[in-house]
Amino acid sequence: MDTMNNLVEQIKSENRLLLNTYIEEYINGNKTLFTLNPDAIFTLDLQGHICSVNPVFEHLFGYTTEESMHMKLQMLFPIESLKNVYHYFQKASFGQVHNFDSILTTKEKKKLHLNITMIPISVNDKIVGITIVGKDITELNKKREEVERIEEFHRVLTDNVLDIILSTDLSGKILYVSPSCESVLGYTSKELIGEHLSILFYKDDIGRLFFTREKVLNKLDNVRGTYQLCKKDGSIIWIESISNPVVETGTQNVLEIVSVVRDITERIKSEEELWSRKKAFRQLVECSPDAVVIVDDDNIIFINETGVRTLGALKQEDIMNRSIFDFIHSEYLSIAKELFARISNGVTTDFFECKIVRFDSSVFHAEIKGLPTFFQNISAQYIIIRDITERKRTQELLLNSEKLTIAGQLAAGIAHEVRNPLTAIKGFLQLLKPQFKEEAYFGIIQSELARIENILTELLVLAKPQELKFEQEDIYSIIEEVKTLIDTQAIMNNIEIKFISDWENLTTIQCDKNQLKQVFINFLKNAIEAMPKGGTITIEIKSLCTEKIKIIFKDTGTGIPHHILKRIGEPFFTTKENGTGLGIMISKQIIENHNGSIHFWSDEEGTIIEVILPIK
Ligand code: ADP
Ligand code: MG
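Residues numbered from 1 in each chain as written. Chains lettered and ligands numbered in written order. Predicted model: local features only at pLDDT ≥ 70, side-chain atom pairs only at ≥ 80, totals over all residues. Heavy atoms only, no water.

### Section: the overall build of the protein chain
- For the protein chain, the helix and strand inventory stands at 19 helices and 22 strands.
- Relative to the 2.2 N^0.38 estimate, which gives 25 Å for 616 residues, the radius of gyration of the protein chain is 59 Å and therefore markedly larger than a compact globule would have.
- Looking at the 616 residues of the protein chain, the share that counts as buried comes to 39%.
- Looking at the protein chain as shown, the accessible area adds up to about 36,600 Å², and 54% of this sits on carbon and sulfur atoms.
- Of the charged side chains in the protein chain, 69 are positive and 87 negative, and the gap between their average positions amounts to 2 Å. (Helix = DSSP H or I, 4+ residues; strand = E, 2+ residues; numbered from the N terminus. Rg over C-alpha atoms; globule rule 2.2 N^0.38 Å. Buried < 20%, exposed > 50% of the residue type's maximum accessible area, 1.4 Å probe, protein only. Areas by Shrake-Rupley, 256 points an atom, 1.4 Å probe, with all protein chains shown as cover. Lys, Arg positive; Asp, Glu negative; His and termini not counted. Charge placed at Lys NZ, Arg CZ, Asp CG, Glu CD.)

Structure below.
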């Protein structure tokens, strides 16, 4: 055993000798390679003793050459790496070169990442030691780890965002698509990679797609776009995309185009819905039969068509930006201001009646209601203006017809009660005539009695409208007859009655002659009464069409003031001391019974009454 040990020791020391000679020759021969090498180089004998180290080794591990000479291989490695290191060391001692990465520890117990190469040293075909070249990869490793970390971060990001990240080559072939494509489009990444981008696009948008890609390549900048894509199941979604070129560093060569794609279907849908709701609302307002004005403070910021017409303007612009108070009659201004202040404070008001002044300064009755609203994102007042002229008129008419019924009932009573005593008085008066000393008094009594009779006749017409006797009558001769009847009275009042007709042919109309005469007499009498200083009455017949004629009575009298014009035709409305206030009302009724109509115009120059009658 001892001899064996001795033999081993002898081999060892022989080997060591050879190694030392090798090292001496090698280091001297390759001084630069060994000393100035950027990597740590050290040699070991086959027992793992360190035999030589270069300056980089000293620097990296912190041991001096002196110290190293007393160290063994294992002192440079942490325990967990040793198994590996021994394995390679053994292989190297059998002549194999090995390269591996490992962690080593310095004198200060700092960890180093080295890439280790073990190279066997053979002298005279005999392996006598091992050279180890250690390349410091601590920094490199750090960088690699950093890259891995970034890559992982990107992976997590692209795998988990809802947007799709898509990369294509210049021809449009899909190189990469993030897994989110499955939830958005129904395709898996695998199904899409390698396909041409256009398979995803709705046919009408493909042209635009190519145009956008062209722009990305030309501008070398990102380009946005909105498109429709086809899902795997055939349905269509809206997307928004930003596409960026990936340019090779230092050149202008585009390597690929990377796009971020976002599903905006919901957004588009809700935008469309909002838009159509807005449109519907606008239409509702635009087509409203009421005038709608939207006001900010008192400034008009919107008015609908009806509003433009109601206020008598030609176009919206005439009214926009004017104060709403410009259109409110001064009588109502202070109430209106109060009302608007309340609407501004968020109160919805009830309809309130006021007068509105149109563009041309004419005035009409209206109802106004206001409610707070939002218009173009600002709080404003929504004002409804309703023209109630028509309603007022109907109300007045209703009131009139009520008065008429009462008048009718009254008239019937009066007519019956007064007529009989009147007949008696008239009879006895006739008997008394010879005894009258003063002719004039008799005349007065007689004429006053005649007046009472007149009133009674008119009242009777009102009480029970006589049965109409419609016959074919010549309107021309009816008027001639009336004219003859009235002429004497007219001449006495210094009045001339002119009769003009635009056609000579006989025109017969279907009418009750006596009733029409009554109407014309009423008008002519009124005209005479309106001209105390004389004047002219013109009667004119015009054919309107083949079905209607128009008869016009024109006087040069005092005219009818506006406030009276509104009231004429009301039963018992008169401005005359001895008037009955029944003439026009009865005339109206007669004309209406003939399916005709009457219109009045009047100013300081006189009055025009127009009667329209159907021929049949
Ligand atoms: P009366 O003649 O008894 O007053 P009417 O019904 O005939 O009753 O007329 C009503 C009122 O209409 C008159 O009182 C008068 O004020 C006015 N009027 C009618 N016709 C004329 C006219 N041609 N010119 C001026 N005023 C008129
Ligand atoms: Mg009269």
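### Side note on the packing of helix α16 (residues 475-492) against helix α17 (residues 513-529)
- α17 packs onto α16 with a crossing angle of 40 degrees between their chain directions and a minimal axis gap of 10 Å. Note that α16 runs across α17; the crossing there is right-handed. Facing Ile475, Ile478, Ile479, Glu481, Val482, Leu485, Ile486, Gln489 and Ala490 of α16, the residues of α17 in contact are Lys513, Leu516, Lys517, Phe520, Ile521, Leu524, Lys525 and Ile528.
- Residue composition of the contact of α16 with α17, by class: 12 nonpolar, 1 polar and 4 charged. (Axes fitted to C-alpha atoms, helices over the stretch in contact; angles between N-to-C directions. Left-handed = near helix turned anticlockwise from the far one by under 90°. Contact = heavy atoms within 4.5 Å. Nonpolar A, V, L, I, M, F, W, Y, C, P; charged D, E, K, R; others polar.)

### Quick look at the site of ligand 1
- The environment of ligand 1 is made up of 19 residues, and the closest members are Asn526, Asp555, Thr574, Thr575 and Lys576.
- At a separation of 2.8 Å, an oxygen atom of ligand 1 approaches a polar side-chain atom of Asn526.
- The separation between an oxygen atom of ligand 1 and a polar main-chain atom of Ile584 is 2.9 Å.
- If ligand 1 stood free it would expose 530 Å²; the protein chains cover 93% of that surface.
- The set of elements that each furnish at least two residues to the shell around ligand 1 consists of α17 and α19 (583-593).
- By residue class, the composition of the shell around ligand 1 is 7 nonpolar, 9 polar and 3 charged. (Near = heavy atom within 4 Å. Polar contact = N/O pair within 3.5 Å; in protein donor to acceptor, adjacent residues only side chain to side chain.)

### Quick look at unusual backbone geometry
- The phi dihedral of Asp297 is positive, around 65 degrees, even though this residue is not glycine.
- Secondary-structure assignment places Asp297 in the loop between β11 (291-296) and β12 (299-303).
- For Ser361, which is not glycine, the phi torsion reads 75 degrees and is therefore positive.
- Along the chain, Ser361 falls in the loop between β13 (352-357) and β14 (363-375).
- You can call Ser361 exposed: its relative accessible area is 54%.

### Quick word on α16
- Across its 18 residues, α16 extends 26 Å between first and last C-alpha, which sits within 8% of the 26 Å expected from 1.5 Å per residue.
- Of all the bends found along α16, the most pronounced is centred on Ile486 and spans about 45 degrees.
- Among the residues of α16, those classed as buried are Ile475, Ile478, Ile479, Val482, Lys483, Ile486 and Ala490.
- Tucked into the core, α16 has its buried residues touching β16 (471-474), β17 (495-501), β18 (508-511), α17, β19 (535-543) and β20 (548-555). (Expected span 1.5 Å × (residues − 1). Bend = angle between axes of the 7 residues up to and from the residue.)

### Concerning the pairing of strand β21 (residues 597-603)
- For β21 and strand β22 (residues 606-614), the ladder comprises 7 bridges, and the chain directions are antiparallel. Within β22, the position partnered with Asp603 by the bridge is Gly606.
- What sits between the antiparallel neighbours β21 and β22 is a turn of 2 residues. (Pairing = 2+ DSSP bridges.)

### Description of the packing of aromatic side chains
- Summed over the entire model, instances satisfying the criterion amount to 10 aromatic pairs.
- An angle of 55 degrees between the planes, with centres 4.9 Å apart, marks the rings of Phe42 and Phe57 as tilted. Here Phe42, found in strand β1 (residues 40-45), pairs with Phe57, found in helix α3 (residues 55-61); they are 15 residues apart in sequence, far enough to count as distant.
- Where Phe327 meets Phe359, the ring centres are 6.2 Å apart and the plane angle is 25 degrees; that geometry is what we call stacked. Of this pair, Phe327 sits in the loop between α12 (316-319) and α13 (333-344) while Phe359 sits in the loop between β13 and β14, placing them 32 residues apart in sequence.
- Grouping aromatic residues by their ring pairs yields a cluster made of Phe42, Phe57 and Phe61.
- We note Lys369 situated over the ring of Phe351; from NZ or CZ to the ring centre the distance is 5.5 Å. (Phe/Tyr/Trp six-rings, centres within 6.5 Å; stacked < 30°, edge-to-face > 60°. Lys NZ or Arg CZ within 6 Å of the ring centre and 35° of its normal.)

### A few points about the pairing of strand β9 (residues 236-247)
- Sheet analysis places strand β8 (residues 223-230) next to β9, joined by 8 bridges and oriented antiparallel. Residue pairing across strands places Cys230 opposite Ile236, the latter belonging to β9.
- In textbook terms, the turn of a hairpin is the stretch between consecutive antiparallel strands, and for β8 and β9 this stretch comprises 5 residues, one of which, Gly234, has a positive phi near 95 degrees.
- The sheet contact formed by β9 and strand β10 (residues 254-263) spans 9 bridges and is antiparallel. Counterpart to Ile239 in the pairing with β10 is Asp263.
- Connecting the antiparallel pair β9 and β10 is a turn made up of 6 residues, with Gly250 showing a positive phi of about 80 degrees.

Nothing here speaks to function; it is all geometry.
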